[in-house]
Amino acid sequence: MAATTWRDESGVTLLELTVASGILAVALVLLMGGLVSIADTNEITENQSMASSHLESVIEEIQALPYDQLLEYQPPALPGLGATSTVQVAGIDSGGNQVLFPVDPATLGTPLPNPTEVQVTITWNDVRGRPYTARASTLCRR
């Protein structure tokens, strides 16, 4: 086996090592930033899917109600979107104004039109405080 001889030209200079380290650091920073962005996007998509699912279940629940129970409808709590999430259910009267449910039929001046448009709105804030809204509507007959 022959002995290895080191020459002055072999190896890496400090400048080459510094440039390579800089390129590696930039690549790692970009990679970590991309991972954080992917996690945020995943959370937003998950929350929007959860809100859409809840909207669909509330709409199905409303469509099965008779008119008198529709006026007294109280939407169920929305788990999973945080403490600031709200579900609002409203009917549209003949003048185009919203009538928030539940409403006392005695205080309702005129009955809602037949069919009645019912709007369900979910609002929530994500972990960074950005507001989001999801809305759906349906027609309900008496």
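Before reading on, note that the structure itself is shown above.
Residues numbered from 1 in each chain as written. Predicted model: local features only at pLDDT ≥ 70, side-chain atom pairs only at ≥ 80, totals over all residues. Heavy atoms only, no water.

### A short note on the overall build of the protein chain
Then, number 1: Along the backbone of the protein chain there are two helices and four strands.
Then, number 2: When the helices and strands of the protein chain are listed from N to C terminus, the series reads α-α-β-β-β-β.
Then, number 3: A globule of 142 residues ought to have a C-alpha radius of gyration of about 14 Å, yet the protein chain, at 30 Å, is considerably larger.
Then, number 4: Its C-alpha atoms give the protein chain principal-axis dimensions of roughly 100 × 30 × 25 Å. (Helix = DSSP H or I, 4+ residues; strand = E, 2+ residues; numbered from the N terminus. Rg over C-alpha atoms; globule rule 2.2 N^0.38 Å.)

### So, the side chain of D126
Then, number 1: Its place among the elements puts D126 in the loop between β3 (116-125) and β4 (131-140).
Then, number 2: A polar contact of 3.1 Å, which involves the side chain of D126, links it to the backbone nitrogen of R128.
Then, number 3: Within the structure, the side chain of D126 is placed 2.7 Å from the side chain of R130, a separation counted as a polar contact. (Polar contact = N/O pair within 3.5 Å; in protein donor to acceptor, adjacent residues only side chain to side chain.)

### Here's the deal with the side chain of S85
Then, number 1: Structurally, S85 can be placed in the loop between α2 (67-71) and β1 (86-92).
Then, number 2: Beyond its immediate stretch of four places on either side in the chain, S85 contacts L78, T123 and W124. (Contact = heavy atoms within 4.5 Å.)

### Structural notes on the nonpolar core
The nonpolar side chains of a soluble globular protein tend to be buried with one another.
Then, number 1: In terms of nonpolar packing, the biggest core is built from 25 residues, with I62, V89, F101, V120 and I122 touching the most fellow members.
Then, number 2: Of all the secondary structure elements, the ones that give two or more residues to this core are α1 (14-63), α2, β1, β3 and β4.
Then, number 3: With five residues, α1 is the largest single contributor of residues to this core.
Then, number 4: For I62, the residues in contact, after removing those within four places along its chain, are L70, Y73, V89, V118, V120 and C140. (Core = buried A, V, L, I, M, F, W, Y, C linked by side-chain atoms within 4.5 Å. Buried < 20%, exposed > 50% of the residue type's maximum accessible area, 1.4 Å probe, protein only.)

### Structural notes on the packing of aromatic side chains
Then, number 1: Overall, the coordinates contain one aromatic pair when judged by the stated rule.
Then, number 2: Both rings, one in W124 and one in Y132, keep their centres 5.7 Å apart while their planes meet at 15°; by these two values the pair is stacked. Across this residue pair, the class does not change: W124 and Y132 are buried. (Phe/Tyr/Trp six-rings, centres within 6.5 Å; stacked < 30°, edge-to-face > 60°.)

### Some thoughts on the environment of Q69
Then, number 1: Summarising the element assignment, Q69 is placed in helix α2.
Then, number 2: Exposure remark for Q69: the relative accessible area of 41% places this residue in the partly exposed category.
Then, number 3: Considered as a pair, Q69 and P102 are 33 residues apart in the sequence and their alpha carbons are 9.1 Å apart.

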